[in-house]
Amino acid sequence: MSASEELRIVGKSVERVDARLKATGEVRFCADLTLPAMLHAKVKRSHLPHARILRIDFSKAAKIPGVKGIITGKADAPYKHGIGIADEYFLARDVVRMVGEPVAAVAAERLDIAEEALEKINNQEVSLVFLD
């Protein structure tokens, strides 16, 4: 490639191929897709910065029609993840160390059902004890 060919693009504005679709809202993202028998997931997160998880009772949430599964870190997700954070669990197991740390996940037939189940866990069935 000659120097003159290289400078056709370098230093000049180039319109992205998908710019118009994104600007008009026509482009479809992964979050816009729905598939047959697809489940929707929501994550219950800690509201405390540092706390011990005493119990997560999701029995009321599990009884909601359309809820297909609920998992917790200690019982169902003993997996660590990440690059640079490979020592963190996908879901907190015994202790939460920050506000927003995931403690449970719900899968349901529809997003509104997953949200309803999450509220049952949020408001009534999670016991966290604040640690100094």
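All values reported here derive from a predicted model rather than from experimental measurement.

A short note on the pattern of salt bridges
A side chain of one charge can pair with a side chain of the opposite charge when the charged atoms of the two come close.
Part 1 of the argument: Counted by the stated rule, this structure contains eight salt bridges.
Part 2 of the argument: Put simply, Lys74 and Asp94 hold a salt bridge, and the shortest N to O gap is 2.8 Å. Remark: Asp94 occurs in the loop between strand E5 (88–89) and strand E6 (95–96) and Lys74 occurs in helix H4 (residues 73–76); sequence separation between them is 20 residues.
Part 3 of the argument: Since its relative accessible area comes to 54%, Lys74 is described here as exposed.
Part 4 of the argument: Salt bridges sharing partners connect three or more residues here, namely Arg16, Asp18 and Lys22.

A few points about the side chain of Thr72
Part 1 of the argument: The topology assignment puts Thr72 in strand E3 (residues 67–72).
Part 2 of the argument: When its relative accessible area of 8% is taken as the criterion, Thr72 is described as buried.
Part 3 of the argument: Ignoring any residue separated from it by four or fewer positions in sequence, one finds Thr72 in contact with Ile56, Phe58, Ala77, Leu91, Val103 and Ala104.

As for the packing of aromatic side chains
Part 1 of the argument: Counting across every chain of the model gives zero aromatic pairs.
Part 2 of the argument: Note that Arg93 overlies the ring of Tyr89, its terminal NZ or CZ placed 4.8 Å from the centroid.

Quick word on the confidence of the model for the protein
Part 1 of the argument: On average, the protein scores 83 in pLDDT, and the residues at 70 or more come to 83%.
Part 2 of the argument: No element of the protein has a lower mean pLDDT than helix H1 (residues 3–6), which averages 62, and none a higher one than E3, which averages 95.

A few points about the sheet that holds E3
Part 1 of the argument: Strand order in the open sheet formed by three strands is E1-E7-E3, and the pairing between neighbours is antiparallel. On the outer flanks of this sheet lie strand E1 (40–45) and E3, each paired with one strand and no other. Ignoring strand direction, the axes of neighbouring strands in this sheet form an average angle of 20°.
Part 2 of the argument: As defined by bridge partners, E1 adjoins strand E7 (residues 102–108) across six bridges and the pair is classed as antiparallel. When the bridges of E7 are listed, His40 appears paired with Ala108.

Some details on the layout of surface pockets
Part 1 of the argument: Within this model, the largest pocket holds a volume of roughly 290 Å³.
Part 2 of the argument: As for the largest pocket, its lining consists of 13 residues, of which Glu88, Tyr89, Val95, Arg97 and Glu101 are closest to the centre.
Part 3 of the argument: Within the lining of the largest pocket, the residues separate by chemical class into six nonpolar, one polar and six charged.

So, how was this worked out
- Residues numbered from 1 in each chain as written.
- Predicted model: local features only at pLDDT ≥ 70, side-chain atom pairs only at ≥ 80, totals over all residues.
- Heavy atoms only, no water.
- Salt bridge = Lys/Arg side-chain N within 4 Å of Asp/Glu carboxyl O.
- Helix = DSSP H or I, 4+ residues; strand = E, 2+ residues; numbered from the N terminus.
- Buried < 20%, exposed > 50% of the residue type's maximum accessible area, 1.4 Å probe, protein only.
- Contact = heavy atoms within 4.5 Å.
- Phe/Tyr/Trp six-rings, centres within 6.5 Å; stacked < 30°, edge-to-face > 60°.
- Lys NZ or Arg CZ within 6 Å of the ring centre and 35° of its normal.
- pLDDT = per-residue confidence, 0-100.
- Pairing = 2+ DSSP bridges.
- Axes fitted to C-alpha atoms, helices over the stretch in contact; angles between N-to-C directions.
- 1 Å grid on protein atoms, 1.4 Å probe; cavity = no way out; pocket = protein on both sides within 12 Å on 5 of 7 lines; lining within 4 Å.
- Points joined across faces, edges and corners; volume = space filled by probe spheres on them.
- Nonpolar A, V, L, I, M, F, W, Y, C, P; charged D, E, K, R; others polar.

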